[in-house]
Amino acid sequence: MLKINDTVDTTTQENCKRFQKPDVAGKYPPQYGQGRSNDQREKRAILRCLAHLPAGCHVLDFPCGSGRLLGLLKEQGFKVSGADSSASMLEQVREHLTGEEISLYERDVFSSGFADNEFDAVICNRLFHHFLTTEDRKKAITELARISKDPVIFSFFNTFSLSMTYRILRKRLKGKKLTDRIPVPLDVIRNEIEECGMKVVTDIPKRWGISAMWYVIMEPAK
């Protein structure tokens, strides 16, 4: 089992390590459901992010989880690779994507071991909301930018949303703090990206003002 980088916040480490458990990995679907509105909104947002990538380019899904994005990326005509720190998640991928020409790697997003510019683009879906600190997000941004020739797409939970406002209020009423699914204002994400030598090309909400999930597309600052 790959060890999560021990230079990151301990809460971030614990948030990520739980996905290495087989019982947790087994709960994640290997593909998008056709009849679920949340799935379809997320899928549409991701396809908007990918719209300007030419067919045939090499896209890394990192972390790939149980493989839900891999098939979608293949359908767009991309050469696809997947990476995840969880061996259990990668086992889920191997079980459900038999016959697919997809390379899989057990890697840590904070120190991946991939070469500089190894991929034409990288997508990082449903990970950043597990990071507790600015420093952890910037470490991940820097590493994802290093291994991608051009765009990096990643999701985060935006503080500006009804769903997150409701969640924060519930926690406060119980006298608790958020330690996972951490919301971050969009302007903070923009600043962190710029501090890493990148720039935001665009941002795309899953459901503006309602859903916490947003996507940003970043590329090297010229």
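Each remark here, short or long, concerns the structure printed above.
Remember, predicted model here, so these are calculated numbers, not experimental data.

Cut-offs applied
- Residues numbered from 1 in each chain as written.
- Predicted model: local features only at pLDDT ≥ 70, side-chain atom pairs only at ≥ 80, totals over all residues.
- Heavy atoms only, no water.
- Core = buried A, V, L, I, M, F, W, Y, C linked by side-chain atoms within 4.5 Å.
- Buried < 20%, exposed > 50% of the residue type's maximum accessible area, 1.4 Å probe, protein only.
- Helix = DSSP H or I, 4+ residues; strand = E, 2+ residues; numbered from the N terminus.
- Contact = heavy atoms within 4.5 Å.
- Salt bridge = Lys/Arg side-chain N within 4 Å of Asp/Glu carboxyl O.

1. Observations regarding the nonpolar core
With 32 residues, the main nonpolar core has F62, F128, F154 and I193 as its most contacted residues. Among the elements of the structure, β4 (121-124), α6 (134-147), β5 (152-158), α8 (186-195), β7 (198-205) and β8 (213-220) are those that each provide at least two residues to this core. Considering every element that reaches this core, the biggest residue donor is α6, with five residues. Excluding residues within four positions of it along the chain, F154 makes contact with C124, F128, I141, I189, I193, W214, Y215, V216 and M218. L70, V80, I168 and Y215 belong to the second-largest nonpolar core, a separate cluster that totals 30 residues.

2. Overview of the pattern of salt bridges
Under the counting rule described, the total for this entry stands at twelve salt bridges. A salt bridge links R68 to E42; the nearest nitrogen and oxygen atoms lie 3.3 Å apart. Here the residue R68 occupies a position in helix α4 (residues 68-75), and E42 occupies one in helix α3 (residues 37-50), the gap between them amounting to 26 residues. Note that E42 is salt-bridged to R126, the shortest N-O span being 2.7 Å.

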